[in-house]
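Summary of the model geometry
Chain residues, written in single-letter form:
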Amino acid sequence: MSIHGEIKRVTSHTLQSMKDKGEKISMLTAYDYSMAKILDDAGIDVLLVGDSASNVMAGHETTLPITLDQMIYHAQSVIRACQRCLVIVDLPFGTYQGNSKEALNSAIRIMKETGAHAIKLEGGEEVSESIKRIVGAGVPVMGHLGLTPQSIYKFGTYSVRAKEEEEAEILMHNARVLQDAGCFSLVLEKIPATLGGEVAKELRIPVIGIGAGMHVDGQVLVMHDMLGITKNFSPRFLRRYLNLYDEITEATKSYIRDVKSKDFPNEKEQY
Ligand code: KIV
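Please read these numbers as outputs of a predicted model, since none were measured by experiment. Counting from 1, residues in each chain are numbered in the order their sequence is written. Only residues with pLDDT of at least 70 are given local features in this predicted model, and only at 80 or more are side-chain atom pairs given and counted; all residues enter the totals for whole chains, interfaces and linings. As a rule here, side-chain values come from all non-hydrogen atoms in the structure, and water together with hydrogens is ignored.

1. Brief notes about unusual backbone geometry
Following Phe264, the chain continues into Pro265 via a peptide bond in cis, with omega recorded as -5°. Secondary structure elements are defined from DSSP: runs of H or I of at least 4 residues count as helices, runs of E of at least 2 residues count as strands, and each element is numbered from the N terminus. Relative to the helices and strands, Pro265 resides in the segment after α11 (244-260). With a phi angle near 60°, Ala162 is a residue other than glycine that sits in the positive phi range. Turning to its location among the elements, Ala162 is positioned in the loop between α7 (152-155) and α8 (165-181). Here Lys190, not a glycine, exhibits a phi torsion of approximately 50°, which is positive. Note that Lys190 resides in the loop between β6 (185-189) and α9 (193-202).

2. Comments concerning the sheet that holds strand β2 (residues 46-49)
Pairing between strands is defined by DSSP: at least two bridges between the two strands are required. Spatially, the 8 strands close up into a barrel ordered β1-β2-β3-β4-β5-β6-β7-β8, and their pairing is parallel. Adjacent strand axes in the sheet meet at a mean angle of 25°, parallel and antiparallel pairs treated alike. Looking at chain direction, strand β4 (residues 118-120) and strand β5 (residues 141-146) are connected through 2 bridges and run parallel. Bridge pairing links Lys120 to Met142 in β5. By definition in these notes, contact holds between two residues if any of their heavy atoms fall within 4.5 Å. In this description, a line fitted to the C-alpha atoms serves as the axis of each element, helices being fitted only across the stretch in contact, and the angle between N-to-C directions of two axes falls anywhere from 0 to 180 degrees. In this fold α8 packs onto β5 and β6, with an angle of close to 175° to the strand it touches most, β5.

3. Examining the site of the ligand
Throughout, the term near means that a residue has one or more heavy atoms lying within 4 Å of the molecule or strand in question. What surrounds the ligand is the set Thr29, Leu48, Gly50, Asp51, Ser52, Asp90, Lys120, His144, Glu189, Ile210 and Val222. Between the ligand and the protein, one listed contact pairs an oxygen atom with a side-chain N or O atom of Asp51 at 3.0 Å. Between the ligand and Asp90, the relevant distance is 3.1 Å, taken from an oxygen atom to a side-chain nitrogen or oxygen of the residue. Note on areas: Shrake-Rupley, 1.4 Å probe, and residue coverage restricted to the protein chains presented here. Here the ligand loses 95% of its free accessible area of 260 Å² to cover by the protein chains. Polar here means any residue outside two lists: the nonpolar Ala, Val, Leu, Ile, Met, Phe, Trp, Tyr, Cys and Pro, and the charged Asp, Glu, Lys and Arg; Gly therefore counts as polar. Split by residue class, the shell around the ligand holds 3 nonpolar, 4 polar and 4 charged. The definition of a polar contact used here is a pair of N or O atoms within 3.5 Å, where within protein one atom must be able to donate a hydrogen and the other to accept one, and adjacent residues in sequence count solely through side-chain atom pairs.

4. Some remarks on the pattern of salt bridges
Note on definitions: salt bridges are taken to be side-chain nitrogens of Lys or Arg within 4 Å of carboxyl oxygens of Asp or Glu. Taken as a whole and assessed by the stated rule, the structure comprises 9 salt bridges. For the salt bridge of Asp45 with Arg84, the shortest nitrogen-to-oxygen distance reads 3.3 Å. In this pair, Asp45 is assigned in the loop between α2 (33-42) and β2 and Arg84 in the loop between α4 (68-81) and β3 (86-90), connecting sequence segments 39 residues apart. Classification of residues uses two cut-offs on accessible area relative to the type maximum, computed with a 1.4 Å probe and protein chains only: under 20% is buried, over 50% is exposed, and between them is partly exposed. In this structure Arg84 comes out as partly exposed when scored by relative accessible area, which is 25%. In this structure, the salt-bridge partner of Glu202 is Arg176, at a minimum N-O distance of 2.9 Å. One end of the pair, Glu202, is in helix α9; the other, Arg176, is in helix α8, with 26 residues separating them in the sequence. A relative accessible area of 42% places Glu202 in the partly exposed class.

Structure, rendered in C-alpha cells:
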C-alpha cells in the first residue's frame, strides 16, 4: 500500500529491485478483463498482453496474423482490470522490424491508446535501433530472445534454442546488446537452463524465463497453458496448475443435461 492507502503499482524499477534482492518475479499472460482481474487480485507481479493471443484467443497456428489494433483491444481490456501489476504489451509481427520510426509509432500507439506501462519486442542486434528510439521516447522496453515465435518460419521448429556453443554465444552477445540499448528486462524462451543462468548472472537487468530453467530472475507462462485450458500443448517446461479444459467440459455437460431434463431453471431460479 502507498501512504494514501492505495495499492502500490509494480514498476520496471520494482522488478530491478526484486532482482537486486534475489526475489523471483512472477509473470503470466492475459488478454481480457475478467481473467486479468483475477490474476491481478491474486498478486501477480507482471501481466503480459502477449501476441500469443493470436493462438489462444483467435485460434491461429502462429503469432504472425495478429494486428496492432487487435493487440490494442486486448491491452485496453487488461489494463482496465489491473490495479497493482505491471502491464506489458507485445508489439506484433510487422509493426517494428526493419524501421525504427515505425517501431516508435507502434509503441506510442500502444502506450497512448491502452494506458499500458511497457512494450515487449522480439529479436537481438537487428532491433537495437528501434529499442533505443522507443526507450528514448520514455517507453520501457522488454526484450525477447531464444525461441522467438514471430520468426518461426525462419527457424522451422519450436525446438530448444542455443544448445550449441556458437548459438549460445550469439544469444549472450544479443542479450548484452539489448541491455545496452536500454531494455529494462529480457524474456528468454526455451533455452538450456545453464545458459539461462549465465545470462541472468551476466546482465544487470531482470531476466524472465519460459523454459529457461531455474536460475533466471523470474518465470512467465501462457495463462491458458498454466490453467490447463489448452490441451494438446505439453512441453517439459509447462507446469499445469488446473485442468480447466476437463472441468469446463464437465460443467457444460451438466448444464446441457439440466436444461434438457427441465431441471434448470427450478422454481427458485425464476421470477
Ligand atoms: O506472447 C507471449 O505469450 C510471449 C510469452 C511466451 C513470453 O511472448
